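In case you want the letters, here they are:
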Amino acid sequence: MSRPEDTLPPDLFYNDAESRKYTTSSRIQSIQVEMTHRALSLLGLTSPSLILDIGCGSGLSGEILSSVAPPLGGPHIWIGMDISASMLDIALQRDVEGDLLLADIGQGVPFRAGTFDAAISISAIQWLCNAESSDTSPQGRLARFFNGLYASLRRGGRAVCQFYPKNEMQKSMVSAAAIKAGFGAGLLEDGAGTKNVKVYLVLSVGGGAIEGVVEGMEGVDVEERMGRKGDGRKRGEEVGKKGRKQWILSKKEQMERKGKIVKRDSKFTGRKRRVQF
Amino acid sequence: MKILTVNFLTCAVKACKTSPLSFPLHFRDAELEQSDIGYNPSFLRNILPRVDWEALKVTATELGFTTVPSEKPNLDPAPSNTDLPAPETAMETSEPDVADEKVMRDLHTLLLETEVREGKMVCGNCGHEYKIKEGIANFLLPSHLGR
């Protein structure tokens with residue numbers, strides 16, 4: 001299957017013709033609607049909230065947020081961000097209720113601290129894994145996005161980002177960037193192993209409520225809990241001498257915590273080399 | 001773009017994040033429009049503690065509204081956390097509810113139903129102009145600022 005991410009940057013890919021598909025194709029619509037409902041159930045909102053829609057596009061997901069019935073905690077007020085002017089034009093034609101911003105999420109989230117109760121993102125953040133010019137990097141864009149998102153959510157807020165990772169590496173790169181920004185993160189996969197696998201990154205700010213969110217759901221693996229306090233291990237104790245296996249492993253762990261991409265451990269990691277003549 | 005949204009927007013330039021001047025953004029040549037959005041008191045109660053009242057007053061003055069109260073109205077907390085003394089207080093507060101209701105309606109009109117159609121928002125720190133067209137603000141930064 002071809003990936004649009006590999007062909008063009010998002011602001012060019014979602015031109016008028018591509019954007020129109022989001023109103024004419026019932027297949028695209030039904031998939032988007034289904035994913036939005038899933039994400040909304042993961043957010044578990046009980047009262048009308050202010051929600052950030054990242055990559056809102058034509059406002060399909062936003063319409064669902066506006067139309068949540070009062071007994072189910074709605075209707076929510078939302079603010080959408082998207083990089084494609086054509087998509088936002090479609091949203092205008094559809095006369096959506098939320099506010100729209102033309103913005104690049106890789107340049108940060110321009111809201112003051114503690115603005116939103118929740119954030120939702122449907123099929124958007126995989127675009128961050130591409131850098132379109134030499135002065136940006138995927139890691140830098142991911143970091144700016146997640147740092148901005150972390151700051152703009154209130155304490156106890158949650159974000160659910162559905163995305164299409166290209167491979168395992170991209171998946172771990174995205175979740176590592178989220179953890180580095182301070183989120184408690186969990187990955188949820190619907191239909192794992194099939195062609196229609198949908199990956200949801202469930203993020204929480206403060207309180208480490210991520211186990212509560214994904215509790216009792218199948219196929220969830222909780223990545224890591226960000227425990228800033230609990231990690232008070234004394235340095236130097238078990239690290240060992242520089243160059244030893246222990247030392248290499250601890251360095252790799254350290255780099256992974258920083259959000260860097262690290263080769264997985266194998267039996268060759270830090271193995272002693274054969275004596276050379 | 002709603003006045004509520006403007007109350008949360010800051011300058012997107014990284015260097016402005018630390019400056020108090022970057023919030024709120026200042027309006028120039030703003031064109032307003034009234035829209036119709038369903039009145040939702042529980043959302044207002046939820047959002048009001050987060051609204052920066054000083055910034056709202058600045059924005060409202062710039063847009064020509066003079067009716068904003070000088071103090072943030074004190075609304076009851078959301079009805080969800082009145083578990084214990086619910087029956088009596090509900091009886092007692094039934095009278096000022098009418099005044100509350102009016103304040104809420106006014107806030108709803110100002111925050112949610114007043115929209116900026118066209119114009120510019122300017123950062124007080126770096127002077128970057130964010131254009132608003134058809135209610136959509138352009139927050140794309142040129143590449144030298146976007147890093």
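Since we're looking at a predicted model, the values are computed, not measured.

Quick notes on the rules
- Residues numbered from 1 in each chain as written.
- Chains lettered and ligands numbered in written order.
- Predicted model: local features only at pLDDT ≥ 70, side-chain atom pairs only at ≥ 80, totals over all residues.
- Heavy atoms only, no water.
- Core = buried A, V, L, I, M, F, W, Y, C linked by side-chain atoms within 4.5 Å.
- Buried < 20%, exposed > 50% of the residue type's maximum accessible area, 1.4 Å probe, protein only.
- Contact = heavy atoms within 4.5 Å.
- Buried area = accessible area lost by both parts, 1.4 Å probe.
- Salt bridge = Lys/Arg side-chain N within 4 Å of Asp/Glu carboxyl O.
- Polar contact = N/O pair within 3.5 Å; in protein donor to acceptor, adjacent residues only side chain to side chain.
- Helix = DSSP H or I, 4+ residues; strand = E, 2+ residues; numbered from the N terminus.
- Nonpolar A, V, L, I, M, F, W, Y, C, P; charged D, E, K, R; others polar.
- Domains from an automatic or database assignment.

A word on the nonpolar core. Counting residues in hydrophobic clusters, the biggest one holds 72 residues, and the most contacted among them are Phe-146, Leu-149 and Leu-201 of chain A together with Met-121 of chain B. Other than its neighbours up to four places away in sequence, Leu-149 of chain A contacts Leu-52, Ile-54, Val-109, Ala-119, Ala-159, Phe-183 and Leu-203 of chain A. Judged by nonpolar contacts, the second largest core, of 25 residues, contains Ile-51, Ile-64, Val-68 and Leu-100 of chain A.

To continue, consider the interface of chain A and chain B. Taken together, the contacts link 31 residues of chain A with 34 residues of chain B. For the pairing of chain A and chain B, the buried interface totals around 2700 Å² over both sides, and the portion due to carbon and sulfur atoms is 56%. Taken together, the connections running from chain A to chain B amount to two salt bridges. Across the pair Asp-117 of chain A and Arg-50 of chain B runs a salt bridge, and its minimum N-O distance is 2.7 Å. Viewed at the interface, chain B and chain A are joined by 15 residue pairs in polar contact (both at pLDDT 80 or more). Counting only elements with at least two residues in the side of chain A that touches chain B, the list comes to strand E2 (77-82), helix H5 (85-94), strand E3 (99-102) and strand E4 (116-122) of chain A. Top contributing element to the side of chain A that touches chain B by residue count: E3 of chain A, with four residues. Residue composition of the side of chain A that touches chain B, by class: 16 nonpolar, seven polar and eight charged.

A separate point is the domain arrangement of chain A. Residue and element names in this part refer to chain A. Domain assignment breaks chain A into domain 1 (4-225) and domain 2 (233-277). The distance between the C-alpha centroids of domain 1 and domain 2 comes to 35 Å. Opposite the five residues of domain 1 that make contact, domain 2 presents four residues. Buried surface at the junction of domain 1 and domain 2, summed over both partners, amounts to about 390 Å²; 68% is from carbon and sulfur atoms. Broken down residue by residue, the surface that domain 1 buries against domain 2 is led by Met-169, Ala-176 and Lys-180, which jointly contribute 61%. Between domain 1 and domain 2 we count one residue pair in polar contact (both at pLDDT 80 or more) in total. Among the elements that make up the side of domain 1 that touches domain 2, the one with the highest residue count is helix H7 (residues 168-180) (four residues). Taken together, the residues that form the side of domain 1 that touches domain 2 break down as three nonpolar, one polar and one charged.

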